[in-house]
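A structural walkthrough
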Amino acid sequence: MTRTRLFLPGLVLLLVTGLLLSTPAFVNAERDPLAPVVDMPSPQVQTIPDDLFTNEQRASLAGVVNEARLFGVPLVVRVITMPTSLQTLSDATALTGVVPTQQEIVQRMAETWLADEAVETSEGAGDGILLLVVVPENDHTLSTAAFATGPNALPLNGLTEEHLDRVLHDVIYPFFANDHIATGIHSGVAYLSYDNLFAVPARHQRSDQQQTLNDITSIAFTGLALIGVIALGGLVFWIRRRDPHSGQEADQRLSPFEAGALTRGRVDTNVITAALLHLITIGALRVHMQKSGKMVLAIQESIPVADSFARDIMQRLAQEAGEDGLIQGASMRRIQDVLSPVGDHLQDSLATRNLFNRDARVETTWVVLASAALAAFAVFLLMPSMMAMSRLGLAAMLMIGIAVVASLLWAARRSWTSRVGQRALAEWQARPHSATDLAIFDTIIHQHVLIDAIGGPDVPSHIQITRRLRALGAG
Amino acid sequence: MNLAKLTPPSPRVPRKASKPSARWKAFRHHARPTINPVALRGRNIEERERVLTRRDRFLPDILLALLFFAISLGVNLEALPSTPTHPDETRWLNRSYYARDLIDPFGPTWQDYVTTRGQPPLGSIVMGIGLAIQGKPLDSVGVWDFAYGRDWNERMGAIPTEDIRLAGRRTNAVIGALVVASAFVLGRLLTNRVGGSLAALFVTFHPLHIILSTQALSDQTLALLLMLIFITGWGFAKRPTWTRAILLGILLGLGGSVKLTPLLLSIPLAGFGMLRLLVDRDRAARDYAFMLLAQPAIAFATFVASYPYLWPSPIRRTWDLYAFRASEMSDQSAAWPSTAVTSPLDALGRFGGYLTHTHSTSARFIQLIFDRLGIDRVASGYDFIPAAAGMILLLWWVCRFGFWTPRAMVALLMGAEAATLILGMKTDFYRYHLPIIVIMSGCIAVSIGAGWTALVRLTMHRQSLLTSLRRHRPHPATRRQSTSSSASPSPDYVPQREASQ
């Protein structure tokens, strides 16, 4: 028994572990884009000549570059001076027929610089970003800057080429135009850091394979999902409409337990518990509260029991009772398990009399199997939908999920009472009954009143007993 | 069936209680039914259904919950304009576009960057829904960068307009009022209407609750989900079904989607299920155990489903979320050393100190009295006294009625949440204290509700004792008149007219 009890939790743990290990969590080993890269060997800021900025300016620039590196941007800043304006150089080169702009020249210089200096988080990563600023000696207001990026640098968090261009033109150049070179670089890097952290990243574009997969998922798989949902709905509808024994006469001899079971649609815990409560009420079972707080039932065989179902319950309990007539220990804890054969017997009896649908179990099995198949298809659909970023695929999964949950809920709660049973129940209700019979019937269909331990610090005894008989705890 | 017959003969209860003192003992030990037995009114089943409709049973409670919701909403809306602005409000207002972008789960909003990694999304989604209902734009506020000052953040558009800020605050005011209504429901379930009402009033007038209900933050959403988790936990333990188990798991996942910590509650629940699986062999017990064992899976699935950022790599990215939060707390501790929490004991002390001296419902009312009387003194709070009494009482009930009861489930969930906060808190910010207030409200409901029941019993029994004594010791004149009667009534005799007492 211990082995059986440990098997299921072990199986659950095994499945959960398998699920954890099978996710991409342990496969994806790329660099964390937000992990600090402060230990890069390249210095944060270099200027040529060294005394281009004051010490305070250099420290401030190094600080802001470090801030960017702290959130994963492998950035360096290089500032050089040239004896003359790059515009003049550009104009001169234009005489040969090629017309590079000042910006294009600095861009090429930056890219060449990046190729020469290893600016990257690790060897071969190719993920560095270099900001090159060229300051003409004769006129600082004509300073030019350019970002050079490694092949794997962008997009990085919220940073894209567009963001870098915006930083360059909207933030850095206005400061350069007023001859605030260090402030311009500082502000530009600060904006870059802000965009890195808080700007919304670029949308991932589908590759060709993803596009193909998206087409397949959106058309074929979604179509299949739709067909599956319609088929499941059709199966449920067919079962609802179907009643093979509707033309037969109703058997009008119903006990209150049978009437209660027909109202509930099953012989469930309510019916068995109501039978136990009835036996306690008539004195056939006595309740003893032990000092430890446990409840024990004692069989009083001298008390006659009129109802056959209640009698069956008494007989089953007698088998579990000790010589002293006490039902305690494991039998008491498993009382619903112990009595379930009696409940099954009543259920079979009602089915034999066509009061319950005989095919209900089979029909429920079919619904569960169809739902499981559809749910498995939804799980299968998950992978291509995620890989192809297919919204239609997700919508199909959602649709399947709703359909499966709805059909399983219906199958779990559907009444097994046939139309013959409904007629018999209606006739039973139309006839006068003794107070005892009505009380049994009410105890079955309104049992929730006897297990709601709401209101007050103490749990009333009748609720304690009912809850314990249903293995729900004392209250 | 006469349900009164079901009352078992308790060994502690004298079976023939003829003397008043014996009857008093019997009364003390005998639990009185708090619900009416099943009434038999006619043979028509529909009539009997009407006798026990849920509406009839719960209508007073629903009305009371609505009343407390209205009171709390009024208090919150009145305090709304005067609550000081907090930069953190911009974060939730900024991310309100999450609500709109849920329809594009593969879009740029849900990619891996600091905004998505910083906080789970549900608080922002709720804020977005609130703004959208009020007709406000969802992307009008930039992100407040705490590394920079107000000037920088103003330049980056991170300061919301008054209109947007008030709209965000109104959203939270409604959620705060829902928390109060939930506090009533929880207190009502744990004890009675008096307990529930006191719990609701405690939360309504708690200064920290009012502050957090009038700032555009997500803490009230967390408080609401915690309340719903406790209530659903109660419902699940009352009658364990898969529907209720799934609902509980979904709420745990949604709670995690606000502030991560409720997700961790699923682990003690699974442990609880494992315990039951090993202890009990009944089919019902097995079902109960498996429902609890499934909680981590249901909660995690809900958490992942609610956050498209996690979809590409659920485990790793969830881990990233937790790691980011932990590192953020460490950074905050370094930036504000006075807020650094050094140990769980330190955390416990901070909760006690803050909720006694800084923000306390009782201190607020005592201060009001001091001010009225002209006493120049700063009041301290005593909220923890009834809360501690309630906690002890709750634990006693768990020991008395067993571990698989609704009260035990609520106690487990409350204890696990408190332990998570105490063990996990590395930085002491005022808003981290709100879940403790939620837990305290449940404990206060227990102590006040139980106290009220005891008081009512005492009063009623004294009345019945006095009545009984008067009957047995009549006035001398009456006694003289009755000498000619055949026999004095039996001590057990109670006229039908007085039975209701």
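Residues numbered from 1 in each chain as written. Chains lettered and ligands numbered in written order. Predicted model: local features only at pLDDT ≥ 70, side-chain atom pairs only at ≥ 80, totals over all residues. Heavy atoms only, no water.

Our next topic: the overall build of chain A. Helix and strand counts for chain A come out as 17 helices and seven strands. Taken across its 475 residues, chain A has 51% of its residues classed as buried. In chain A, once contacts between residues fewer than 6 apart in sequence are set aside, the share between residues at least 24 apart is 72%. Counting every atom, chain A has about 22,500 Å² of accessible surface; 59% of that belongs to carbon and sulfur. (Helix = DSSP H or I, 4+ residues; strand = E, 2+ residues; numbered from the N terminus. Buried < 20%, exposed > 50% of the residue type's maximum accessible area, 1.4 Å probe, protein only. Contact = heavy atoms within 4.5 Å. Areas by Shrake-Rupley, 256 points an atom, 1.4 Å probe, with all protein chains shown as cover.)

Helix and strand counts for chain B stand at 24 helices and zero strands. For chain B, the proportion of its 501 residues judged to be buried stands at 53%. Partitioning the contacts of chain B with sequence separation of at least 6, the portion at a separation of at least 24 is 73%. Just so you have it, chain B exposes about 22,800 Å², and 64% of that area is on carbon and sulfur atoms.

Now for a nonpolar patch on the surface. All names here are of chain B. Together, Leu-59, Ile-62, Leu-63 and Leu-66 line one region of the surface with nonpolar side chains, adding up to about 360 Å² of accessible area. One can find Ile-62 in helix α3 (residues 54–79). Among the residues examined, Ile-62 registers a relative accessible area of 44% and is labelled partly exposed. (Patch = residues over 30% accessible without salt bridge, like charges linked within 9 Å, V, L, I, M, F, W, Y side chains within 5 Å. Salt bridge = Lys/Arg side-chain N within 4 Å of Asp/Glu carboxyl O.)

What follows deals with empty space enclosed by the protein. Residue and element names in this part refer to chain B. For the structure on display, the rule yields two cavities of 30 Å³ or more. Reported here for the largest cavity is a volume of approximately 40 Å³. Every residue lining the largest cavity is listed: Asp-88, Arg-91, Trp-92, Gln-119, Lys-259, Arg-325, Glu-328, Gln-332, Arg-431 and Tyr-432. If you list the elements that add at least two residues to the lining of the largest cavity, you get α4 (88–94) and α18 (314–335). (1 Å grid on protein atoms, 1.4 Å probe; cavity = no way out; pocket = protein on both sides within 12 Å on 5 of 7 lines; lining within 4 Å. Points joined across faces, edges and corners; volume = space filled by probe spheres on them.)

Time to look at the domain arrangement of chain A. Per the domain assignment, the segments making up chain A are domain 1 (45–198) and domain 2 (256–469). Put simply, the middle of domain 1 of chain A and the middle of domain 2 of chain A, counted by C-alpha atoms, are 76 Å apart. (Domains from an automatic or database assignment.)

Right, let's talk about the packing of aromatic side chains for a bit. If you walk through the whole model with that rule in mind, you get 24 aromatic pairs over all chains. With a centroid separation of 4.7 Å and an interplanar angle of 45°, the aromatic rings of Tyr98(B) and Trp110(B) are classed as tilted. With Tyr98(B) in helix α5 (residues 98–101) and Trp110(B) in the loop between α5 and α6 (114–118), this residue pair connects regions lying 12 residues apart in the sequence. No difference in accessibility class separates Tyr98(B) from Trp110(B), as the two residues are buried. A centroid spacing of 6.1 Å and a plane angle of 70° characterise the contact between Phe106(B) and Trp311(B), whose relative ring orientation is edge-to-face. On the criterion of sequence distance, the pair formed by Phe106(B) in the loop between α5 and α6 and Trp311(B) in the loop between α17 (295–305) and α18 is long-range, its members being 205 residues apart. The structure contains a cluster of three or more aromatic residues connected by ring pairs, namely Tyr191(A), Tyr194(A), Phe198(A), Tyr148(B) and Trp152(B). Across the ring face of Trp92(B), the terminal group of Arg95(B) is positioned such that the distance to the ring centre comes to 4.7 Å. (Phe/Tyr/Trp six-rings, centres within 6.5 Å; stacked < 30°, edge-to-face > 60°. Lys NZ or Arg CZ within 6 Å of the ring centre and 35° of its normal.)

A separate point is the sheet that holds strand β7 (residues 326–327) of chain A. All names here are of chain A. Across the sheet, which stays open at both edges, the three strands sit in the order β5-β6-β7 with antiparallel pairing between neighbours. Both edges of this open sheet fall to β5 (285–289) and β7, since each of them pairs with a single strand only. Across the sheet, helix α10 (residues 308–320) is in contact with β5, β6 (295–299) and β7; its angle to β6 comes to roughly 110°. (Pairing = 2+ DSSP bridges. Axes fitted to C-alpha atoms, helices over the stretch in contact; angles between N-to-C directions.)

Turning next to helix α13 (residues 242–259) of chain B. Residues and elements named next belong to chain B. Counted at 1.5 Å a residue, the expected span for α13 with its 18 residues is 26 Å, and the 26 Å between its end C-alpha atoms agrees. Every buried residue belonging to α13 is among Ala-245, Leu-248, Gly-249, Leu-251, Leu-252, Gly-253, Gly-255, Gly-256, Ser-257, Val-258 and Lys-259, and all of these are buried. With its phi angle positive at about 70°, Leu-260 sits one or two positions after the end of α13. (Expected span 1.5 Å × (residues − 1).)

A word on unusual backbone geometry. All names here are of chain A. Here the bond from Ile-48 into Pro-49 is cis, since omega is 0°, no more than 30 degrees from zero. Inspection of the secondary structure puts Pro-49 in the loop between β1 (45–48) and α2 (55–70). Cis geometry is adopted by the peptide bond preceding Pro-155, which originates at Leu-154 and carries an omega value of -5°. Structurally, the position occupied by Pro-155 is in the loop between β4 (144–149) and α5 (161–177). The backbone phi angle of Asp-179 is positive, close to 65°, even though this residue is not glycine. Along the polypeptide, Asp-179 turns up in the loop between α5 and α6 (181–198).

A word on the sheet that holds strand β3 (residues 129–136) of chain A. Residue and element names in this part refer to chain A. Taking strand neighbours across the sheet as the criterion, the four strands line up as β1-β2-β3-β4 in an open arrangement whose pairing is mixed. Whereas interior strands pair on both sides, the edge strands pair on one side only; in this sheet they are β1 and β4. Strand-to-strand twist of the sheet, defined as the mean angle between neighbouring strand axes without regard to direction, takes the value 15°. Pairing of strand β2 (residues 75–82) with β3 involves eight bridges; the strand directions are parallel. The partner of Ile-80 across the bridge, within β3, is Val-134. Strands β3 and β4 of the sheet are contacted by α5, whose axis makes an angle of about 160° with β4.

Another aspect to go through is helix α21 (residues 384–401) of chain B. Residues and elements named next belong to chain B. Taking 1.5 Å of rise per residue, the 18 residues of α21 would be expected to cover 26 Å, and the 25 Å separating its terminal C-alpha atoms lies within 8% of that figure. Three or more residues of α21 are buried, namely Ala-387, Gly-390, Leu-394, Trp-397, Val-398 and Phe-401. Taken end-on, α21 shows its buried residues confined to a sector of 100°, consistent with a single buried face. Seen from the open side of α21, the exposed residues pointing more than 90 degrees away from its buried face are Ile-385, Ile-392 and Cys-399. Directly beyond the C-terminal end of α21, a positive phi value near 110° is found at Gly-402. (Arc of directions from axis to C-beta.)

The next thing to look at is the pattern of salt bridges. Counted under the stated rule, the structure contains 26 salt bridges over all chains. Measuring nitrogen to oxygen at the nearest pair gives 2.5 Å for the salt bridge that ties Asp104(B) to Arg203(A). Within this pair, whereas Asp104(B) is found in the loop between α5 and α6, its partner Arg203(A) is found in the loop between α6 and α7 (208–241), the two belonging to separate chains. Residue class for Asp104(B) comes out buried when judged on its relative accessible area of 18%. According to the relative accessible area criterion, Arg203(A) is partly exposed, its value standing at 42%. Residues Asp88(B) and Arg91(B) are paired through a salt bridge, measuring 2.7 Å at the closest nitrogen-oxygen approach. Of this pair, Asp88(B) and Arg91(B) both sit in helix α4, three residues apart, which is roughly one turn of that helix. Residue Arg91(B) is classed as buried on the basis of its relative accessible area of 14%. Several salt bridges converge on common partners, so that one network encompasses Arg242(A), Asp359(A), Glu363(A) and Arg414(A).

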